[in-house]
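Examination of the molecular architecture
Now for the letters of each chain:
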Amino acid sequence: WSPDGSQIAFASNREHEGDAEEGNFEIYLKEPNLVSSAKLLVDMTADGFFPSWSPDGTQLIFFLVNDIHRIDADGSLGSVVKLTDSRGRNTDPHWSPVE
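Our subject in this report is the structure included herewith.

Basis of the calculations
Residues numbered from 1 in each chain as written. Predicted model: local features only at pLDDT ≥ 70, side-chain atom pairs only at ≥ 80, totals over all residues. Heavy atoms only, no water. Helix = DSSP H or I, 4+ residues; strand = E, 2+ residues; numbered from the N terminus. Polar contact = N/O pair within 3.5 Å; in protein donor to acceptor, adjacent residues only side chain to side chain. Salt bridge = Lys/Arg side-chain N within 4 Å of Asp/Glu carboxyl O. Buried < 20%, exposed > 50% of the residue type's maximum accessible area, 1.4 Å probe, protein only. Pairing = 2+ DSSP bridges. Core = buried A, V, L, I, M, F, W, Y, C linked by side-chain atoms within 4.5 Å.

Counting through the fold element by element, Ser2 comes out in the segment before β1 (8-12). Of the polar contacts made by the side chain of Ser2, one reaches the side chain of Asp4; its length is 2.7 Å.

Moving on, we come to the pattern of salt bridges. Enumeration over the complete set of coordinates arrives at 2 salt bridges. Residue Asp85 is joined to Lys82 by a salt bridge in which the shortest nitrogen-to-oxygen separation is 3.5 Å. For Lys82, a relative accessible area of 45% translates into the label partly exposed. Bridged by salt links that share partners, the residues Asp67, Lys82 and Asp85 form one connected network.

The element strand β2 (residues 26-30) is largely enclosed, with a buried count of 5 among its 5 residues. Side-chain alternation along β2 places Glu26, Tyr28 and Lys30 on one buried face and Ile27 and Leu29 on a second face that is also buried. As defined by bridge partners, β1 adjoins β2 across 5 bridges and the pair is classed as antiparallel. Looking across to β2, one finds that Ser12 is bridged to Glu26.

Let us look at the nonpolar core. Ala9, Ile27, Leu29, Trp53, Leu60, Phe62, Leu64, Ile71 and Ala73 form the largest nonpolar core, which has 9 residues in total. Breaking this core down by element, the ones donating at least two residues are β2 and β5 (59-64). The leading source of residues in this core is β5, at 3 residues.

Below, the structure is given as structure tokens:
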């Protein structure tokens, strides 16, 4: 859930028109109280998992190909930033709370 409770970020391998790679897990946003479909946030050529909201709700971090990436929650084009460069697996990322 977003910090204000208005949206859910999740990973799904649902098919959508223009899919970069069929069957990949991609990051979506959904307003739970609306009937509208989920918004594709990141169309990926590899599986993305474990989206986690920033404390202020403006960004998400997620796991993609062994590393952690960040994206603006509004889905701005070009806003995906790779944060780690690891030979290991950096999975299930979380933000530290703001104090």
